[in-house]
Every structure is written in structure tokens, then in C-alpha cells.
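Structural overview
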Amino acid sequence: MTPSALPVVGRFAPSPSGPLHFGSMVAALGSCLSAHGRGGRWLLRIEDVDTPRTLAGAADGILRTLEGFGFEWDGPVVWQSARTAAYREAFACLQADGQVFGCACTRKEMADSALARDGTRRYPGTCRNGLPPGREARAWRLHVPPGRVVFDDGVQGPIDEDVAADVGDFVLRRADGLFAYQLAVVVDDAEAGVTEVVRGADLLDSTARQILLQRLLGYPMPAYAHLPVASNAAGEKLSKQTLARAVDGADPARVLVDALDFLGQSPPAELAQSGLAAVWGWARAHWTLAAVPRRRSVPVSAYG
Ligand code: GLU
């Protein structure tokens, strides 16, 4: 990551849509070791902004699992569901600057438009210059300015994206009134003084959108490092959709050693038998981002 004079602040930001699986454990471990390894702070944020996708009890389960695995976060847990006022304020700033427009398009009306890299529909620009007569705004979108967003990812290397061409004007406030993840994450990271975002490479394609919002809102840009995501034998990211198993709390040392191995840290074979404290001690002493495989996904058979 780019050296910085600022004290390091990292974070882990799970969505409580299911239990913690091996892939999320990898992101938790990588972000924690990166921040704590350089004397920084490591924050925990529960990303429950998307309330319809939030599963009752999942957040508590995630917190208990992290504790059981020996993670120690700094400061209180932040809950996105309690931060609507901050999102509203940022949204109002963008609106006051003329960067936001109302959009009447339904999902069905956009079904023919091209797919962006992350699988969402590229916005064809229908309402960009005003709503069609007789239609009302459902969602609110950012007027995405032309130009490329370029950044140097700490694991994946140089990334270059043309948000206007690849994604188009993306949603800031959804038709159900909720603020979009892209806005929430940028507001939360800025307010918490996050200097580095270490997370799964499934979010690499969201990063340019987030950098764009940081620029428009006058926020500093954190350093980014996108870790490979754990995938099953079919190459699908482990997730609730692929029915990824919750990590087994019965042998946390073994899971952490497997996560270290996944992240290219080459832990000694006998480390898993040495207990949780020894695993953390070894991990803190040996963590190096440079060893993380420069890949977007790596298959794991034991946790699929
Ligand atoms: N909440 C997102 C997830 O669980 C992570 C967002 C982030 O790290 O920026 O996939």
C-alpha cells in the first residue's frame, strides 16, 4: 500500500445477510492484519443499509464469530442502519451541486441495456436530461462525469475504469427510499477516517464509483487492496447464494491458518495445532501484503 504519514485506519464491513463464511473470514483477517500490523486501528462496521437483505440474527452471529476467533476491533461497532442522517446529508450536498437526477426507469424498462462488469445493468441515460412527460422519479442517480478513474490497488495492481462508459449514472437513492451501498460506504469510510480499504476483489468493480463519489464530496481517497475471493470448484464466489458453509467455530486456529495460507502467507504446517494465541502471534509477526496472490479469485475445496 502507498506509505502515508497518516495513522493507519482499516476496517472490516460485513453485510449481515448470512453467517460468516470462509471468504468473509479472509477479508476480516487480511484487513485486520494490515491495519494492526502497522500499529493502526481496525474498525468494524455492520453494513445493514440494505434492510431487505438483512437476515435477523446474522449481525450478532458475525460479531460472536469474530470474537470467538480472537479478532479485536477498535472502538464501537458502527451500524449503517443508524446512519441514515449522514447519508441524507451527503446526498443533499450532491443534489445542491446539481450532480443528482431523478429517474423513472423500472428494472423491466432497463432489461435490454448492456451489463456492467459487476453484472448490474448499465444505465442508458434515459432520464439524465429530465424525466419523460408524465413520469415520476423512483430512484435518484448520480450524473457521472466523463473520464477515467485510475488507482493503484495494493494487490491487483493498476486499475483503470471509465465509470460513465462501463456503468453509467448509478443509483444513490433507491426506489424503496434506501440509500445505496456505494454512497453509504463512502460516507462511512470518510467519517471514520479510514485510510485503507482491504476487502474482497468482488468489490474491485465498485471502487471506481466510490472514488468518484469521494472526489465529488471532497473526501480523501483511502488506499485500496483487493484480496482474492474464495470460490468453489465451479469458480463461484463463496456466498449465501452458493450455500457456503458458516466457518466452524470449533477449531478457529485451523480456519485462521487456512485463511493465512489462502492469502499466500505460508504458515508452518504445525501452527494450527499450537492454539489461537500462537496463530495470531505468528500472523502479526509475518503478515505481508506482497505475498497475497494477485488474483481475483482462488478456489478452496474445504470450505465450499
Ligand atoms: N458489505 C460488503 C460485503 O459484505 C463489503 C463492503 C466493503 O468492504 O466495502 O460484501
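Shown above is the structure to which this text applies.
Definitions and cut-offs
- Residues numbered from 1 in each chain as written.
- Predicted model: local features only at pLDDT ≥ 70, side-chain atom pairs only at ≥ 80, totals over all residues.
- Heavy atoms only, no water.
- Near = heavy atom within 4 Å.
- Polar contact = N/O pair within 3.5 Å; in protein donor to acceptor, adjacent residues only side chain to side chain.
- Areas by Shrake-Rupley, 256 points an atom, 1.4 Å probe, with all protein chains shown as cover.
- Nonpolar A, V, L, I, M, F, W, Y, C, P; charged D, E, K, R; others polar.
- Buried < 20%, exposed > 50% of the residue type's maximum accessible area, 1.4 Å probe, protein only.
- Helix = DSSP H or I, 4+ residues; strand = E, 2+ residues; numbered from the N terminus.
- Pairing = 2+ DSSP bridges.
- Contact = heavy atoms within 4.5 Å.
- Axes fitted to C-alpha atoms, helices over the stretch in contact; angles between N-to-C directions.
- Phe/Tyr/Trp six-rings, centres within 6.5 Å; stacked < 30°, edge-to-face > 60°.
- Salt bridge = Lys/Arg side-chain N within 4 Å of Asp/Glu carboxyl O.

Further remarks concern the site of the ligand. In the vicinity of the ligand, the residues found are R11, A13, P14, S15, E47, Y181, V185, R199 and L203. Note that an oxygen atom of the ligand is positioned 2.7 Å from one of the side-chain N or O atoms of R11. For the ligand, an oxygen atom lies 3.0 Å from a polar atom in the side chain of Y181. A total of 300 Å² of accessible area belongs to the ligand in isolation, and the protein chains cover 80% of it. Class assignment for the residues of the shell around the ligand results in five nonpolar, one polar and three charged.

On to helix α5 (residues 181–191). Across the eleven residues of α5, eight count as buried, placing the element largely inside the fold. The complete set of buried residues in α5 reads Q182, L183, A184, V185, V186, V187, D188 and D189.

On to the sheet that holds strand β1 (residues 9–12), then. Pairing in this open sheet of three strands is parallel, and the strands run β1-β2-β3 from one edge to the other. Whereas interior strands pair on both sides, the edge strands pair on one side only; in this sheet they are β1 and β3 (78–79). Contacts from helix α1 (residues 22–36) reach β1 and β2 (41–46) within the one sheet, and its direction differs from that of β2 by about 150°.

Each pair of aromatic rings is reported with the distance of its centres and the angle of its planes. Throughout the structure, instances matching the rule amount to nine aromatic pairs. For the ring pair F101 and Y123, a centre distance of 6.0 Å and an interplane angle of 40° mean the geometry is tilted. A residue pair is termed long-range when its members are at least 10 positions apart, and F101 in strand β4 (residues 100–103) and Y123 in the loop between β4 and β5 (139–142) qualify at 22 residues. Here the aromatic cluster, defined as three or more aromatic residues joined through ring pairs, consists of F12, W42, F71 and W280.

Scanning the model with the defined rule gives 17 salt bridges in all. Linking R11 and D189 is a salt bridge whose minimum nitrogen-to-oxygen distance equals 3.1 Å. Placement of the pair is R11 in strand β1 and D189 in helix α5, with a sequence separation of 178 residues. Of the residues examined, R11 reaches a relative accessible area of 5% and is grouped as buried. For D50, the salt bridge identified is with R53, shortest N-O distance 3.9 Å. Judged by relative accessible area, which is 18%, D50 ranks as buried. Taken together, the shared-partner salt bridges in this structure form one network comprising R11, R45, E47, R83, D188, D189 and E191.

In short, the description is geometric, and any link to function would need to be established separately.
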